[in-house]
Amino acid sequence: MSTAVARARDLLRAKNRREAGVFLAEGPHVVRDALDAGADIRAAFASHESAAGGEIAGLIARAAAAHAEIHVVAGRDLLSICDTDTPQGIVAVVAMPQAPASPFAVPGAWLLLDEVQDPGNVGTLLRAAEAFGARGAIATAGTADLWSGKVVRSAQGAHFRLTLLAADAAALDAFGAAGGAVWAAAPDGESVYAAPRAPALFALALGNESRGVSDAVAQRAVRRVAVPQRGRADSLNVAMAGSVLLSWLTRDEGGRR
């Protein structure tokens, strides 16, 4: 196994990703999104078979043109840096985008992910946030690692179009100082369809799958909203509820019901 493969394999661990400031983008869709966004791709790995032609060969050529290190490796070596059982032929090492110095200077919607632990839910919520025009996401310490393989794949390129922040006290204080308002999703909240329009700068707080938002976040919330249900389902999955809430809260005037 080459040194380059060993270094990439180390990035399967969250601690190593944080220390290096890079993450793994697995699969042609995510790598293409990274290239299209002008992300800083440090290296790209492909198997001998996948690099021989087709879409992945084109992505490798684009990565090389962007000055990434290119490594064509054995299939077993590519598998060793994937967190899926069936590699999609290409993996890139990408630098985590730097957040702007004043991320809340421009009005817009944000997600506040409060100990949302399932990576699939987190990735789906990031994908929904990007789809509905949110500016970014703020994640508390108990939230699934935003840069893990499953989150990145589930988000389908949202990492390259959103600002992603850690929700420490300083970040939340800065959000409040900028005039931002926190609206918390809660089963006993008012119907989101009856709520007034969201402020110009707001964050939709979504809590842990079983416990909901934490007391610390609930204390910052100025409004609690919910998706009304007419069926007999006990509740909505956090990713589903968050997507519905974001869709409504970020609507334009033409979308008012």
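Below, the structure is looked at part by part. Note that the structure is a prediction, hence the values are computed from the model and not measured.

## Topic: the overall build of the protein
Stage number 1. Along the protein, the regular secondary structure elements total ten helices and ten strands.
Stage number 2. Over its C-alpha trace the protein gives a radius of gyration of 20 Å, about what one expects of a compact globule, namely 18 Å for 257 residues.
Stage number 3. Its C-alpha atoms give the protein principal-axis dimensions of about 55 × 45 × 35 Å.
Stage number 4. Here the protein, with 257 residues, has 50% of them falling under the buried criterion.
Stage number 5. At a minimum sequence separation of 6, the contacts of the protein that also span at least 24 residues come to 79%.
Stage number 6. With 25 positive and 26 negative side-chain charges, the protein shows a separation of 3 Å between the mean positions of the two kinds.

## As for the pattern of salt bridges
Stage number 1. Across all of its chains, the model carries twelve salt bridges by this definition.
Stage number 2. The salt bridge involving Glu-130 is made with Arg-161; its shortest N-O contact spans 3.1 Å. With Glu-130 in helix H6 (residues 119–131) and Arg-161 in the loop between helix H7 (149–155) and strand S7 (163–166), this residue pair connects regions lying 31 residues apart in the sequence.
Stage number 3. Judged by relative accessible area, which is 40%, Arg-161 ranks as partly exposed.
Stage number 4. Of the charged contacts, one joins Arg-223 and Glu-190 as a salt bridge, the two residues approaching to 2.4 Å between their closest N and O atoms. A residue pair is termed long-range when its members are at least 10 positions apart, and Arg-223 in strand S10 (residues 221–226) and Glu-190 in strand S8 (residues 181–191) qualify at 33 residues.
Stage number 5. Look at Arg-223 and you get partly exposed, because its relative accessible area is 27%.
Stage number 6. What emerges from the salt-bridge pattern is a single network uniting Glu-26, Asp-83 and Arg-153.

## Comments concerning the packing of H6 against helix H10 (residues 238–249)
Stage number 1. For the pair H6 and H10, the least separation of the axes is 9 Å and the interaxial angle reads 10 degrees. Relative to H10, the element H6 lies roughly parallel. Contact residues: H6 offers Asn-121, Thr-124, Leu-125, Ala-128 and Ala-129, while H10 offers Val-238, Ala-239, Gly-242, Ser-243 and Leu-246.
Stage number 2. Of the residues contributing to the contact of H6 with H10, the split by class is six nonpolar, four polar and no charged.

## A short note on the pairing of S8
Stage number 1. Relative to strand S9 (residues 201–207), S8 is paired through four bridges, and the arrangement is parallel. Looking at the pairing, Ala-184 lines up with Ala-205 of S9.

## Digging into the pairing of strand S6 (residues 136–139)
Stage number 1. Here S6 shows two buried faces, one formed by Gly-136 and Ile-138 and the other by Ala-137 and Ala-139.
Stage number 2. The sheet contact formed by strand S5 (residues 108–114) and S6 spans four bridges and is parallel. Bridge assignment links Trp-110 to a residue of S6, and that residue is Gly-136.
Stage number 3. Summarising the sheet, S6 and S7 pair through four bridges and their orientation is parallel. Across the sheet, Ala-137 pairs through a bridge with Leu-164, a residue of S7.
Stage number 4. Between S6 and its parallel partner S7, the chain crosses via H7, and the hand of that crossover is right-handed.

Reading the values: the criteria
Residues numbered from 1 in each chain as written. Predicted model: local features only at pLDDT ≥ 70, side-chain atom pairs only at ≥ 80, totals over all residues. Heavy atoms only, no water. Helix = DSSP H or I, 4+ residues; strand = E, 2+ residues; numbered from the N terminus. Rg over C-alpha atoms; globule rule 2.2 N^0.38 Å. Buried < 20%, exposed > 50% of the residue type's maximum accessible area, 1.4 Å probe, protein only. Contact = heavy atoms within 4.5 Å. Lys, Arg positive; Asp, Glu negative; His and termini not counted. Charge placed at Lys NZ, Arg CZ, Asp CG, Glu CD. Salt bridge = Lys/Arg side-chain N within 4 Å of Asp/Glu carboxyl O. Axes fitted to C-alpha atoms, helices over the stretch in contact; angles between N-to-C directions. Parallel < 35°, antiparallel > 145°, perpendicular 65-115°, else oblique. Nonpolar A, V, L, I, M, F, W, Y, C, P; charged D, E, K, R; others polar. Pairing = 2+ DSSP bridges. Right-handed = clockwise from strand over helix to strand, strands pointing away.

These values are about where atoms sit, not about what they do.
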